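So you can see what is in the structure, the chains are spelled out below.
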Amino acid sequence: MSDTLGLRARWVLAEEGGRSTLLPDATVVVRDGRIRDVMPAGAEGAPDDTRLLGAHLLMPGFVNSHTHCVSGPLFRAVLEDRDYTSGGGSIISDVMMPLGRIISALCDEDDIRAIAALGQLEALCAGSTTIVDMPRADHDGFALAAADIGLRAQIHPYLMSPPGAEWRLDAQDDDSDAGLETFLRWHARFDGGTTGRIRIGLGPHAPDTCAPDLLRRIARARDHHGAPVTIHLAQSGDEVAQIHARLGMSPVDYLDRVGLLQGGLIAAHCSDATDADLALMASRGVVVAHCPLSYARIARMVSRQRFLDHGLRCTVASDAHALDIVADLRLAAINGKYATGKVAAAPAHEMVAAATVEAADALQRSDLGRIRPGATADLIAIRMDSAHLQPVYDPIKTLVWNGGGQDVDFAMVDGEVLLRDGRFLRADPAAIVAKGAAVTNRVWERARAQGII
Ligand SMILES: [Zn+2]
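A. Summary view of the overall build of the chain. Scanning the chain from terminus to terminus reveals 17 helices and 18 strands. Whereas a compact globule of 453 residues would reach a radius of gyration of roughly 22 Å, the chain reaches 22 Å, a difference of no more than 12%. The dimensions of the chain, computed from C-alpha atoms along their principal axes, are 70 × 45 × 45 Å. Residue burial in the chain is summarised as follows: out of 453 residues, 53% are buried.

Written out as structure tokens, the structure is:
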């Protein structure tokens, strides 16, 4: 049997001459994990083993550049519609961080593996073939789950300074690897695993939880290991106020002073960055990961357009809560129109590009996020013949405005089919769901007993 596979679909979102193009009835040829050819309708020589996907949109898998696959299930219906601010606290300090601490106290590696697998399965089944995730430092089970599920995972364990850390910018650090132990352990244990699908990066949590000496160590480790870095940056007014109080500057200036504000950095959120901050980030080549749904749920409207206006590159990603990236693409489109007052702003095709080709470029992976000969075969197909998607005038617009992750019914990573006819192939999805939900319920029980939720 030939190991060459053809995938023919009603529409193929391919890259031709550097531009995304919708090809009707085209065939994508995959061999040894790579896309070998994109054959237009009627071309001769399709592989013997060519699968007819039918009324589908075959497109690059989403590159979800900011996720929390453990927190996704954990926060579900817990954070929404509740006012945590009446006591003067914040949703981050009063709910999210304490829930994370309960998980650490309660769950062993196998529990973490179960809850991470639930979130990762959700992400994959909704079309994300790549995730960039920031698990807590004691969640070694996260990478084990990624190996089980099979999606591509760039994993950045959280790095934070201990209480009582020295917050003087000119404080001399001791040139050691103190604070980087998780990164070093995970890098040695997991980096490059399952034939390169797992990559370990550095995950400083945020400027207000990482003191200057730790961030300088992280910059050195980035250079030494060639490891990618991602961070939450200017994600709240509280963070901005804290850094001003401690260091007399903005969080963005702070990152610049310790050598972290460079090309290759993915900065999540940046909702509270000033115009000057955004201009500096653009000049350094930083990419913003924009997660509009997270902010909508705390009554804040953040527009991607503001980042673009400052010359920044800006992906769209899921964050925690739901891991269905299509929901964030739709909200990014809506927010773009609200923010500008222009109907034509934030068009669907740009939203999809922000979560495919642009997100892949943010990861410095020009082989991902596009369908073209030579690219890695990370693909998804959207079933377009359901009532809520018919009739189809433009499948990209239909996906963003009418569709959702539940319409993804095929997914391939590295040429391996992981999802076919909407069903996960590597394991029983019901068992993954049941196990992950059971662990989450145990955490909620403890959080309720402690009055956190
Ligand atoms: Zn985050």
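After presenting the structure, the write-up continues.
B. Looking closely at helix 4 (residues 141-149). Burial analysis of helix 4 places seven of its nine residues in the buried class, which makes it a mostly covered element. Those residues of helix 4 that sit buried are G141, F142, A143, L144, A145, A146 and I149. Lining the buried residues of helix 4 we find helix 3 (109-125), strand 7 (152-155), helix 5 (181-190), helix 6 (193-196) and strand 9 (198-200).

C. Local environment of the pairing of strand 11 (residues 230-233). The alternating pattern of strand 11 places T230 and H232 on one face and I231 and L233 on the opposite face, and all of these are buried. Across four bridges, strand 11 lies against strand 12 (residues 266-269) in parallel orientation. Looking at the pairing, L233 lines up with H269 of strand 12.

D. View of the nonpolar core. If you look at the biggest cluster of nonpolar residues, it comprises 144 residues, and the most contacted ones within it are V28 and A267. Per-element tally for this core: the top contributor is helix 3, with ten residues. With near-sequence residues (within four places) excluded, V28 lies in contact with L7, V12, I35, V38, L58, I371 and L379.

E. Molecular detail of the domain arrangement of the chain. As assigned here, the chain comprises domain 1 (5-61 + 371-424) and domain 2 (62-362). Each of domain 1 and domain 2 has a C-alpha centre, and these two points are 29 Å apart. Each side of the interface is counted separately: domain 1 has 21 residues, and domain 2 has 26 residues. Mapped by element, the contributors of at least two residues to the side of domain 1 that touches domain 2 are helix 16 (395-402), strand 16 (408-413) and strand 17 (416-420). A total of five residues in the side of domain 1 that touches domain 2 trace back to one element, the largest contributor, which is helix 16. Residue composition of the side of domain 1 that touches domain 2, grouped by class: twelve nonpolar, five polar and four charged.

F. Seen up close, helix 17 (residues 429-449). End to end, helix 17 covers 31 Å across 21 residues, agreeing with the expected 30 Å (1.5 Å per residue, within 8%). Within helix 17, the full set of buried residues consists of I432, G436, V439, T440, V443 and A447. Along the long axis of helix 17, the arc covered by the buried residues comes to 95 degrees, so they all point the same way. Turned more than 90 degrees from where helix 17 packs its buried face, A430, A431, A434, N441, R448 and A449 sit exposed. Those residues of helix 17 hidden inside the fold are in contact with helix 1 (71-75), helix 2 (91-106) and helix 3. Looking one or two places after helix 17, you find G451, whose phi comes out positive at around 75 degrees.

G. Focus on the sheet that holds strand 14 (residues 313-316). Pairing is parallel in the open sheet, where four strands are placed in the order 11-12-13-14. For this open sheet the edge positions go to strand 11 and strand 14, each flanked by a neighbour on one side alone. Taken pair by pair, the neighbouring strands of this sheet meet at an average axis angle of 30 degrees, ignoring direction.

What counts and how
- Residues numbered from 1 in each chain as written.
- Predicted model: local features only at pLDDT ≥ 70, side-chain atom pairs only at ≥ 80, totals over all residues.
- Helix = DSSP H or I, 4+ residues; strand = E, 2+ residues; numbered from the N terminus.
- Rg over C-alpha atoms; globule rule 2.2 N^0.38 Å.
- Buried ≥ 20, exposed ≤ 12 C-beta atoms within 10 Å, placed from the backbone.
- Contact = placed C-beta atoms within 7 Å.
- Pairing = 2+ DSSP bridges.
- Core = buried A, V, L, I, M, F, W, Y, C linked by C-beta atoms within 7 Å.
- Domains from an automatic or database assignment.
- Nonpolar A, V, L, I, M, F, W, Y, C, P; charged D, E, K, R; others polar.
- Expected span 1.5 Å × (residues − 1).
- Arc of directions from axis to C-beta.
- Axes fitted to C-alpha atoms, helices over the stretch in contact; angles between N-to-C directions.

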